[in-house]
Structure formats: C-alpha cells, structure tokens
Amino acid sequence: MTDPRSWQSETALLGNADPSDPTGWFERLWASARDGDVTMPWDRDEPHPALATWAGAPSSGTASGTAVVVGCGLGADAEHLSRLGYETTAFDISPTAVAAARDRNPGSSVTYAVGDLLDLPRAWVGAFDLVVEIYTVQAVNRSVRDGLTAGVRSLVAPGGTLLAVQAIAEEGDDDGPPWPLTRAEIEAFGTDGLSAVSIEQLPAPGTPNRPGIWRAEFRRA
Ligand SMILES: C[S@@+](CC[C@H](N)C(=O)[O-])C[C@H]1O[C@@H](n2cnc3c(N)ncnc32)[C@H](O)[C@@H]1O
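Small disclaimer: the values here were computed from a predicted structure and weren't measured.

*Asks:* Any chance you could explain the packing of aromatic side chains here in plain terms?
*Replies:* Geometry of an aromatic ring pair is reported as the spacing of the ring centres plus the angle between the planes. Across all of its chains, the model carries five aromatic pairs by this definition. Judged by centre distance (6.0 Å) and plane angle (40°), the ring pair of F189 and F218 falls under tilted. Taken as a pair, F189 in the loop between α7 (183–187) and β6 (194–202) and F218 in strand β7 (residues 213–220) lie far apart in primary sequence, 29 residues in all. For F218, a relative accessible area of 0% gives the class buried. Among the aromatic residues, those joined into a cluster by ring pairs are W25, F26, W30 and W42.

The structure is reproduced here in structure tokens:
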C-alpha cells in the first residue's frame, strides 16, 4: 500500500515543487514512469483501505448512481466503485496516467478521462452522487489548494456524498510534495452547501508512527 508521503524523493527529481506551474510535474512524472526512468508512482491494484472499509464489499454490486474518482492514477479505486455498482467516471490531469489506467483495466466499465480539477468540464459540475478524492489535493502545491478543494466540492450532486482521504499535516510539513492537510483544510470540503458527516483520523497504511490520514465524509443537502 502506498504511504501517502513515500514518493517525495522521486518527485523531487522532477522539479515538481515549482509554485508557478503547480500541476505540470504530474505528466512529466507519469511519462518518466512509462518510459522506465522512475518507479511507477502510486502503484496499487487494490482500493485504498480507507475507501474499501468505508464503501463495503466489492461482491455486493448493489450500489446505484454515479461516482467520480478525482486524480484517479492507475484506477484501482474507480474499478472498485464500478464493481460495487456505480456508474463510474475517473479522471486525471495526466494523459499518460489515463492511458495507463485504461491499459491496466481492459474491458473496464469505468469512463476514464483526462481532466483538470482546476478547470472542470461544465457537464461534471453537480453531476455525481459519490465523489472520491484520495491524495490529489495534498499532492499539489498549497498555492492552489483553495481552488482544488472548491473543484472537488463542485462535483457533488444535490443529495450526494464526498469522501476525502488525505494525509494529516504535522509541524514542519511545508517541504512538499506532499503537503498534508490541517484540520481546517479538511473541514474546508464541508462548505458551499456541503456539511460534514464524519471526520476520522486513521493510521496511515504501512506507517503506524506517522500522524496518519484523514477520512472525511461530507453530504450536500
Ligand atoms: C498522489 S497521486 C494519487 C493518485 C490516486 N488518487 C491514488 O490514491 O493512488 C495524485 C494524482 O492526482 C493527479 N492530479 C494532480 N493534479 C490534478 C488536477 N488538477 N486535476 C486532476 N488530477 C490531478 C496526478 O496526476 C496524480 O495521478
């Protein structure tokens, strides 16, 4: 399981922390991984445990409605939601990541797309009954955090649910990526018509000595 902080050394090689181009490094990283120059980042075939334990057993297949996975990477979370029964869309800013997700999941029912959380297609706004955001906001320079958080919120349909999973910030966490979230930053998902259902602190997968992760659920009235 991917430690939410473990990829710092690889991404640092790519000049990723440039605040004037806060998202440009993702495509460079994914393309470098495709070419075998760096290890494949965020590489997992199983759903994140914080999603899996929240969403239930994949064999049920009884969920209904639309779901979207933000910053989907290689697609494991999107495939899980699809197996649960959601009509699932998954997007990433990196065309190479989206191509890799499609290759990794042949025959998938998920609609994979290139998309930027900071410039969302109008058709996606308010369109999803379930929005899942795992580790994208924390991965991008804090200079655009408010815009990313607003983008995530905007995807949630009336009556819909948002699940956000992010590393918990600790003292001295300014030297990202990643840039983990403070309590105020995780609570900020619960504004503009959304309200918090639960905000939990869980151990980070594989790293019990770290401050852990937020798993936060929000609902739009
Ligand atoms: C830390 S990775 C997490 C990937 C996946 N969610 C996971 O948990 O394994 C962050 C992902 O967000 C994508 N991303 C970064 N900025 C984005 C943006 N503005 N819009 C959409 N995706 C973005 C990156 O390309 C990357 O795949």
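Moving on, there is more to tell.
*Asks:* Explain the sheet that holds strand β4 (residues 128–134) here, please?
*Replies:* Two strands in a sheet stick together by hydrogen bonds in their backbones, pointing the same way (parallel) or opposite ways (antiparallel). With respect to topology, seven strands assemble into an open sheet ordered β3-β2-β1-β4-β5-β7-β6, the strand pairing being mixed. On the outer flanks of this sheet lie β3 (111–114) and β6, each paired with one strand and no other. Between one strand and the next, the sheet's axes are offset by a mean angle of 15°, whatever the strand orientation. With four bridges connecting them, strand β2 (residues 87–92) and β3 associate as parallel partners. The residue bridging D92 from the neighbouring strand is V114, located in β3. Strands β4, β5 (156–167), β6 and β7 of the sheet are contacted by helix α6 (residues 145–154), whose axis makes an angle of about 140° with β5.

*Asks:* Which parts of the structure should I look at to understand the pattern of salt bridges?
*Replies:* Once their charged atoms are close, side chains differing in charge can pair, the charge on each being opposite to the other. Taken as a whole, this structure holds ten salt bridges when the rule is applied. The salt bridge partner of D77 is R44, with a shortest N-O separation of 2.7 Å. Within this pair, whereas D77 is found in helix α4 (residues 76–84), its partner R44 is found in the loop between α2 (24–34) and α3 (49–55), the two being separated by 33 residues in sequence. R44 carries the same exposure label as D77, and that label is buried. Residue R104 is joined to D45 by a salt bridge in which the shortest nitrogen-to-oxygen separation is 3.0 Å.

*Asks:* Explain the site of the ligand to me, please; I cannot follow it from the model alone.
*Replies:* Around the ligand sit 19 residues in total, of which G71, D92, D116, L117 and I134 are the nearest. At 2.9 Å, a side-chain N or O of D116 approaches a nitrogen atom of the ligand. Take I134: an N or O atom from its main chain is 2.8 Å from a nitrogen atom of the ligand. For the ligand, the protein covers 98% of the area, taking 590 Å² as the surface of the free molecule. Only α2 and β2 provide two or more residues apiece to the shell around the ligand. Residue composition of the shell around the ligand, grouped by class: eleven nonpolar, five polar and three charged.

Rules of the game
- Residues numbered from 1 in each chain as written.
- Predicted model: local features only at pLDDT ≥ 70, side-chain atom pairs only at ≥ 80, totals over all residues.
- Heavy atoms only, no water.
- Phe/Tyr/Trp six-rings, centres within 6.5 Å; stacked < 30°, edge-to-face > 60°.
- Helix = DSSP H or I, 4+ residues; strand = E, 2+ residues; numbered from the N terminus.
- Buried < 20%, exposed > 50% of the residue type's maximum accessible area, 1.4 Å probe, protein only.
- Pairing = 2+ DSSP bridges.
- Axes fitted to C-alpha atoms, helices over the stretch in contact; angles between N-to-C directions.
- Contact = heavy atoms within 4.5 Å.
- Salt bridge = Lys/Arg side-chain N within 4 Å of Asp/Glu carboxyl O.
- Near = heavy atom within 4 Å.
- Polar contact = N/O pair within 3.5 Å; in protein donor to acceptor, adjacent residues only side chain to side chain.
- Areas by Shrake-Rupley, 256 points an atom, 1.4 Å probe, with all protein chains shown as cover.
- Nonpolar A, V, L, I, M, F, W, Y, C, P; charged D, E, K, R; others polar.

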